Amino acid sequence: MLVFPNAKINLGLNIVEKRVDGFHNIESCFYPVGWTDALEITPAGQFTFQSDGIAIPGNGNDNLCAKAYQMLAVDYDLPPVKIHLLKAIPIGAGLGGGSADAAFTIKALNQQFNLQISHEKQLSYARRLGSDCAFFILNKPAYCFHRGDEFEDVSLSLAGKWIVMVNPGVHISTVEAYSGVQAKRSGKDLRTVLKEPVASWRDQIKNDFEATLFVKYPLLETIKNNLYNLGAFYASMSGSGSTLYGIFDEEKNLKENFRNYKVWQGFLD
Ligand SMILES: C[C@](O)(CO)[C@H](O)COP(=O)(O)OP(=O)(O)OC[C@H]1O[C@@H](n2ccc(N)nc2=O)[C@H](O)[C@@H]1O
Ligand SMILES: Nc1ncnc2c1ncn2[C@@H]1O[C@H](COP(=O)(O)OP(=O)(O)OP(=O)(O)O)[C@@H](O)[C@H]1O
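The rules behind each value
- Residues numbered from 1 in each chain as written.
- Chains lettered and ligands numbered in written order.
- Predicted model: local features only at pLDDT ≥ 70, side-chain atom pairs only at ≥ 80, totals over all residues.
- UniProt positions renumbered as here; feature names shortened; annotations may be inferred.
- Pairing = 2+ DSSP bridges.
- Helix = DSSP H or I, 4+ residues; strand = E, 2+ residues; numbered from the N terminus.
- Contact = placed C-beta atoms within 7 Å.
- Axes fitted to C-alpha atoms, helices over the stretch in contact; angles between N-to-C directions.
- Buried ≥ 20, exposed ≤ 12 C-beta atoms within 10 Å, placed from the backbone.

Looking up the protein chain in an unreviewed UniProt entry gives the name 4-diphosphocytidyl-2-C-methyl-D-erythritol kinase, with the organism given as Dyadobacter pollutisoli. For the protein chain, the Catalytic activity (unreviewed entry) comment in UniProt is given as "4-CDP-2-C-methyl-D-erythritol + ATP = 4-CDP-2-C-methyl-D-erythritol 2-phosphate + ADP + H(+)". The Sequence similarities (unreviewed entry) field of the UniProt record for the protein chain holds the comment "Belongs to the GHMP kinase family. IspE subfamily."

Shown next, in the form of structure tokens:
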């Protein structure tokens, strides 16, 4: 079975409080985007994991795809498979690429081997692999809270809007990013602001990681400002960085403007 795990962006990200387990409660809106990896799962004589494309730190057994398979193999009678991942979503980029791979492995194994795992149970398996992972089980725009692994439907649609995503190749670890911020509840509820005209988002929807990471990596702020100067109605860093995105009313080819970086652009669904 061949599937295409996609990235996400965060529209707003408020780090609300530090929890006793060391994680943070957050509030954000996750939105799926069309930057994808390719993941193929085929029955085989023994379990193997192989990846091509962007090099992934760690060995094959550390890969979230392998972890997802091993986790399900404890509870279900799974045959051995060969997993082949073509990695295209930048890593350490705030796009949740590894989490998407893990969630799509769960979904693909469930479908391919007719495991009949309910959505609720798939969500709870995904949560065991990472906070971002659960989002990709349902993979639709959602307001998220707690560790970023609980969801509420949002009526928001950006379908037909054009997004330009710029990854400058700075690798930011999630742990590093969280360790630099002071948690604080934001004033206005993100769900309310998202319902307001998009022109007001620029002043009201913030990513709490930006303040510290823009000081540490000034290039990130420069790219965000460029996206606004090029006509974005909203621009932000995604997740814990380092990818910046701009959302535009109309299609706009900005590959040349950011020719030194990885760029993905396309329409939102
Ligand atoms: C920044 C976001 O991408 C926003 O969507 C996520 O919060 C990160 O989620 P993730 O990459 O799936 O992170 P995990 O693999 O669960 O956790 C990695 C590390 O990030 C920190 N972490 C993560 C999520 C969270 N809500 N609070 C945290 O403090 C913890 O130090 C944790 O050990
Ligand atoms: N399939 C995979 N793809 C990418 N990284 C993986 C994968 N499996 C395990 N990892 C590990 O997870 C780490 C972070 O991966 P990922 O790309 O999801 O982070 P990210 O871009 O910071 O996303 P986010 O912070 O939004 O979750 C990598 O440094 C890598 O060691």
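Structure shown, so let's carry the discussion forward.
This part takes up the sheet that holds strand S6 (residues 81-87). Strands belonging to one sheet form pairs held by backbone hydrogen bonds; the direction of such a pair is parallel or antiparallel. Here four strands make up an open sheet; going across it, the order is S1-S4-S6-S5 and the pairing mixed. One side of each edge strand has no neighbouring strand; the edge strands of this open sheet are strand S1 (2-3) and strand S5 (48-53). For strand S4 (residues 38-43) and S6, the ladder comprises six bridges, and the chain directions are antiparallel. Each residue of the ladder has a partner; that of proline 43, found in S6, is valine 81. Packing against the sheet, helix H1 (residues 64-75) makes contact with S4, S5 and S6, and its axis sits at approximately 150 degrees to S6. Helix H2 (residues 97-112) contacts S1, S4 and S6 of the sheet and is inclined by roughly 35 degrees relative to S4.

With that settled, consider unusual backbone geometry. Of note, the amide linkage connecting glycine 241 to serine 242 takes the cis form, showing an omega dihedral of 15 degrees. Summarising the element assignment, serine 242 is placed in the loop between strand S10 (234-237) and strand S11 (244-248). Notably, glutamine 116 is not glycine yet its phi reads approximately 55 degrees, a positive angle. With respect to the secondary-structure elements, glutamine 116 resides in the loop between H2 and helix H3 (119-129). Judged by C-beta crowding, with 9 C-beta atoms within 10 Å, glutamine 116 ranks as exposed. Here the phi dihedral of histidine 146 falls at roughly 55 degrees; this positive angle occurs in a residue that is not glycine.

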